[in-house]
Amino acid sequence: MATKRTIEMAVGSAGLDAQGRPRRAPVTVTEGGAVSTLEAPPSLEPDLEGEHMLINIGPQHPATHGVLRLVLELDGETVVRCIPHIGYLHCGFEKIGEYRQYNQIIPWTDREDYLNSIGNNVAFALGAERLFGVEITPRCTVLRVMAMELSRIISHLVWLGTTCIDIGAFTPFLWSFQERENVYNLLESWVGARLTTSATRVGGMAADIPDGWTEQLRHFVKTFPRTIDEVDRMLTRNAIWVGRTVGLGALNATEAVNYGLSGPMVRASGVAFDVRKDFPYLDYETYDFDVPVGSSGDVYDRFLVRLEELRQSTRILAQTLDRLPEGPVNCADHRVVLPPKHSAMSDMESMIHHFKQVMEGPRPPIGEAYVAVESPKGEKGYYMVSDGTAKPVRWRIRPPSFVNLSAIPKMVEGHLLSDVIAINASIDIVMGEIDR
Amino acid sequence: MTGPAIPVLPGAADAGASPPVTPKGVPHRGGTPNPTAAALSGKFGAAVHRVDVIWGETTVTVDGARLLEIVRWLHDDASQRYDYLSDVTAVEFRDADQPIEVVWHLRSLPFRRFVRVKVLLARGAPLEVQSVWPVYKGADWIERECYDMFGIVFRGHPDLRRILMWEQYREGFPLRKDFPLRGRFSRAEQLRQALAANPEARYSMEELTIAQAFEDLPGEMRERLAGGEKTGE
Amino acid sequence: MGLKERSGASITTYDPEGQENWVTTKLDFAVNWSRANSLWPMPFGTACCAIEFMATAASRFDLARFGMERMSFSPRQADLLICAGRVPFKLAPVIRRIWQQMPQPKWCISMGACASSGGMFDNYAVVQGIDTIIPVDVYVPGCPPRPEGLIYGIMMLQKKVMAERMSDKRLRNEMEPDPESGLYLTPPAIDELSEPFGNSVNQTRSAT
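Residues numbered from 1 in each chain as written. Chains lettered and ligands numbered in written order. Predicted model: local features only at pLDDT ≥ 70, side-chain atom pairs only at ≥ 80, totals over all residues.

Novice: Honestly, the overall build of chain B in this entry has me stumped. Any pointers?
Specialist: Of regular secondary structure, chain B possesses 7 helices and 7 strands. Helices and strands appear in chain B in the N-to-C order α-β-β-α-β-β-β-β-α-β-α-α-α-α. The burial tally for chain B puts 38% of its 233 residues in the buried class. If you take every contact in chain B between residues at least 6 apart in sequence, the share linking residues at least 24 apart comes to 53%. (Helix = DSSP H or I, 4+ residues; strand = E, 2+ residues; numbered from the N terminus. Buried ≥ 20, exposed ≤ 12 C-beta atoms within 10 Å, placed from the backbone. Contact = placed C-beta atoms within 7 Å.)

Structure, rendered in C-alpha cells:
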C-alpha cells in the first residue's frame, strides 16, 4: 500500500499570486515516487505592513561559490530585489595576456575557470591554432575530446557536490569528490598535475598519454556510471530535493536567449543550443551523443540536465577510446611546434626555428580569431587579436558564468531567502571566470 | 527526464542547409562571407564601411551612429534572427594611430550563423558608443565591464558603473595601452587605496533607498536619489 | 628585510628561564595539544586552491584526522584562517576584517603561491602576498599545493603551536594597523615585499 505524504511547494513561474509572491500548491508524493500537483489554493493573506529589510550575503560566505556579494531587499522572507556585486577575484588576466607569448598564456587559462582547467587549455589552443592557421593531428584531436569530456565530468561533479551541500545533503559531496580523485589520477599520470594542467600547446599537446592510460580510462568509464546512478537514486525523486528545487528561478526560452545564457542554463529553459552541435569543433559532429534539453528552466531541470550530461560525457569517452589513432600528437609545423632535438642540432632550418621560438615565441600572422567551445558552464570563447608579434594585442575571454550570473536578479525575484542559495548554486558559477 | 521539451531548434528556418561540420583548412583571408554581410550592405548601404573574412569569420565594420539600428535589425529581421549576443568588447592596438575597435559578437541560433560587428573609435575623440541593452538584456554586465576596462561610455545603458574594480578606483582604465601592467601607483599606495575604499562596509545610495534608512536621510540627499543619482564615479 | 620599528611601539622581552616552571610547562603542553589538534579552520577560499582545499577535506585526504573537519565559515568561531587563493585589492579590506573578527588565539596559513606572494599575478589587481595585510604563520607553496602539501603545512603549524608558551606575551598581540592608512607595515616594507624578484625582464614587456 503506497503511503502518501503531502508537502507544500511553490509551483513554477506561473505560480505567482496577485501580490507577486510564489503561490504555494500542495503536492502529493507517493512512495512509488510519482509527483502530482493539485490546484493552487487561494492566495495567502498579505504580509503585515512593515519596512523591507536589506541584507548582505558575502563576499565571504560558504554558499556563494566563491567571492560573490549579493545585496537583497527582503519583504519578510521574500526577495523583492537582488543587487549582485562582483569583481572580488579580478586578477587582470586579460591585461597579462598582452605581455605573454601564446604558449605562456596556457597556464593562465588553467586558473580562470579552475574547474575546467584542461577544457580551457584546449579551447585556447584551438583559438591560437585558428589564429596561426595550423591544423592539428588526428591523434591530438581525439585526445583533446577526451580532455574536454573529462573536464566536463569533473566540473559537473563539483557543481553536484557543492549544490547538494548548499541545499543540505552532505553525502553526495563526498561521492563526487571521490570520483574526481579518479579523474585526477588520470590527469596526473598524463600531464603531471591534478588541477592546473596546462596540458595543451599551440599545435599539439604538452605530452602524449603514457602506456596503460587508455586502460585506466576504460576502467573509469565502466565504473563511473554507478556513481551517477547512485546520485540519481538518492536525489531525483527525493521529496525534499524536489520540494527545494522545483519551480525556482525559472526563465523561459526567449528570456534565456536574450540574457545571453548558454550551457545547461539555456538548455534547461528549452533551447537546444550546444556549441558542440551547432558550431562544431574537434570533429564533434562525428560522435554519437545527445544533448539533454529541459522544459521549465527551473533549478530541478538544470539538475536533471547536468546529471544527464554526465552520462553523455561518459558515452563520448567510450567512443573516443575506440577511435584513438596512432601517430604523432604534435603537428609538424616547426614555426609553431619545437622541432625534435636531433634535427635542431643537425640542420640549419630547424635550428633557426628552435631559436626563434625559444627567444621570441611563435608569431602568428596579423589577424583575429574567435573560437568558442562548450564548456561545462556554457559558451566559452577566446578572442585573440594579433599584430604579427609573439604576444597578442588583445586576449579576450568570453566568460559564460559572467553572463549567466547577470540574470540572477531576474531569477531570484519573488522567491524566498533559502531559494536564493539554491538558485545561485544552480547557475554553476566560477568566480575565477566571472572576474578574471 | 522532465516532460516533453519545447526546444528552439537551430537550423529550423534554413531548409536545405547541411548539418554543421568542424571547419578545416580555413584560409587566412578570403572565403565566402556570411550571407548577413550582403544583406547588411543591401539594407544599410553607406553605413557598412567594410566587410572582411578572416580565418572564416565575417567581420562587418559599420558606422557608430547607426549601430543600434543595425543591431536591432539583425535581431528582429526574419531572415537574420541574431537572437543571441555572445560578447561586447574592445581592442586597442599598440600603434597609437590605429583607432580603438569596439566589437560585437552575434549568433543566430535558428540559422547557426556567427557575425562580428565592429565600430572604430578615432583617438582624441571621447570614447562613446551606443548601448545594445535595449535589444539584448545580456549586454548589461558585458558593457559595464567594457566601460570599466577601457573607459568607453555606452550611451543608453541603464546603469553604467564599474563592475570589476571598485567604484572609486582612481588609477584609470586597466586595459588601455597607456596603463602599465603593474598599475600607476606603488604597491603600498594601491593597498592603502583599496583598504580605504572598503566597498562592503557601506551600502551604495541605490541600496540605501530601499532600506528604512531612506527616511532618515537629509532631504537634499533624498531629492538627489529620487532624481536617479548614483554613487561612484 | 628593511622593516623598521614604529616609534612608540611597545617592546616586550621574553625570558624563558625566569618565567617557566614545571606547572607552566605541563599546562602549556595541555593547552597547546588541545589547540593544535582541534584547529577549526576558516577557509577563506577564493580560487583554485580552494578546490584543492575541498579535496583535502574530502574522503581521500581527510582533514578530519587532524580535528579540522568542522569548517567554520564564521570567523568568530574559527582558530585558523586558511587563505586559499589569490587576493585582489578589492578583496583586501574583506580579508583584513575577517582577520580582525577572529578572536585570539588565531593563526593564519597562506595556501598557495598567490596568497603567499601574489603568485603569477604580478599586476595592478592582485595583492602581492597577504602578509602585506595580515600576519601569516605558515606559507604553503604550490600552484595549487597538493593536498599532501597543505597537510604538511598544517602539521608544521601544529608544531609551531606546540612550541608556544603562555608566558610569552608577544604571541597573542593583536596587530595594530595605522589608523590613517590602514597598513600594518611601513610602505617601504610593503613595496619591498611586493617587488618582483628574479631576472625576467620579459614579464612586463608587451610585444616582442
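Novice: What is the right way to read the environment of P147 of chain C from this model?
Specialist: As for its placement among the helices and strands, P147 of chain C is situated in helix 6 (residues 147-162). Distance in space between the C-alpha atoms of P147 of chain C and F53 of chain C is 6.9 Å, their sequence separation being 94 residues.

Novice: Sorry if this is basic, but what is going on with the interface of chain C and chain A here?
Specialist: Often, the extent of an interface is quoted as the loss of accessible area upon association of its parts. Listed by partner, the interface residues are 32 residues for chain C and 32 residues for chain A. Mapped onto the side of chain C that touches chain A, the elements with two or more residues apiece are helix 3 (48-57) and helix 4 (92-101) of chain C. Per-element accounting of the side of chain C that touches chain A gives the leading share, 5 residues, to helix 3 of chain C. By residue class, the composition of the side of chain C that touches chain A is 20 nonpolar, 7 polar and 5 charged. (Nonpolar A, V, L, I, M, F, W, Y, C, P; charged D, E, K, R; others polar.)

Novice: Please clarify how the packing of helix 4 (residues 187-197) of chain B against helix 7 (residues 187-194) of chain C should be interpreted in this entry.
Specialist: Helix-helix packing: each pair is described by the crossing angle between the helix axes and the interaxial distance. Relative to each other, helix 4 of chain B and helix 7 of chain C sit at 110°, their axes nearing to 8 Å. Classed by the angle they form, the pair helix 4 of chain B and helix 7 of chain C counts as roughly perpendicular. Together, R187, A188 and L191 of chain B of helix 4 of chain B and P187, I190, D191 and S194 of chain C of helix 7 of chain C make up the contact between the two elements. For the contact of helix 4 of chain B with helix 7 of chain C, the class distribution of residues is 4 nonpolar, 1 polar and 2 charged. (Axes fitted to C-alpha atoms, helices over the stretch in contact; angles between N-to-C directions. Parallel < 35°, antiparallel > 145°, perpendicular 65-115°, else oblique.)

Novice: Sorry, what's going on with the interface of chain B and chain A here?
Specialist: Counting residues at the interface gives 50 residues for chain B, matched by 63 residues for chain A. Of all elements in the fold, only strand 3 (84-91) and helix 3 (139-150) of chain B reach the threshold of two or more residues within the side of chain B that touches chain A. If you tally residues by element for the side of chain B that touches chain A, the top one is strand 3 of chain B, at 6 residues. Grouping the amino acids of the side of chain B that touches chain A by side-chain chemistry returns 30 nonpolar, 10 polar and 10 charged.

Novice: Looking at this structure, how should I read the sheet that holds strand 10 (residues 378-386) of chain A?
Specialist: The strands making up a sheet are joined through hydrogen bonds of the backbone, oriented either antiparallel or parallel. All names here are of chain A. Spatially, 9-10-11 is the arrangement adopted by the 3 strands of the open sheet, whose pairing is antiparallel. Either end of the sheet is taken by a strand with one partner, and the two such strands are strand 9 (367-375) and strand 11 (394-398). The average angle at which neighbouring strand axes cross in this sheet is 10°, direction not considered. Of the pairings in the sheet, the one linking strand 10 to strand 11 comprises 5 bridges and is antiparallel in character. Bridging across to strand 11, M384 finds its partner in W395. Running over the sheet, helix 3 (residues 117-132) touches strand 9 and strand 10 and is turned about 150° from strand 9. (Pairing = 2+ DSSP bridges.)

Novice: Help me understand the pairing of strand 1 (residues 41-45) of chain C in this model?
Specialist: One face of the sheet, then the other: side chains in a regular strand alternate in exactly this way. Residues and elements named next belong to chain C. In terms of residue burial, strand 1 counts as a mostly covered element, since 5 of its 5 residues are buried. On strand 1, burial covers both faces: P41, P43 and G45 on one face and M42 and F44 on the other are all buried. By the bridge criterion, 5 bridges tie strand 1 to strand 2 (residues 80-84) in an arrangement that is parallel. Across the sheet, the residue bridging to M42 is L81, located in strand 2.

Novice: I tried to follow unusual backbone geometry on my own but got confused; where do I start?
Specialist: Most peptide bonds take the trans form, and the phi angle of most residues other than glycine is negative. In this chain, G58 of chain A is followed by P59 of chain A through a cis amide linkage whose omega measures 0°. Secondary-structure assignment places P59 of chain A in the loop between strand 4 (53-57) and strand 5 (69-75). That bond from C143 of chain C to P144 of chain C is cis: its omega, -10°, falls within 30 degrees of zero. Examined against the element boundaries, P144 of chain C turns out to sit in the loop between strand 4 (138-140) and helix 6. Located in the positive-phi region is L282 of chain A, a residue other than glycine, with phi close to 55°. Secondary-structure assignment places L282 of chain A in the loop between helix 10 (275-278) and helix 11 (299-323). Overall, the presence of 21 C-beta atoms within 10 Å leaves L282 of chain A in the buried class.

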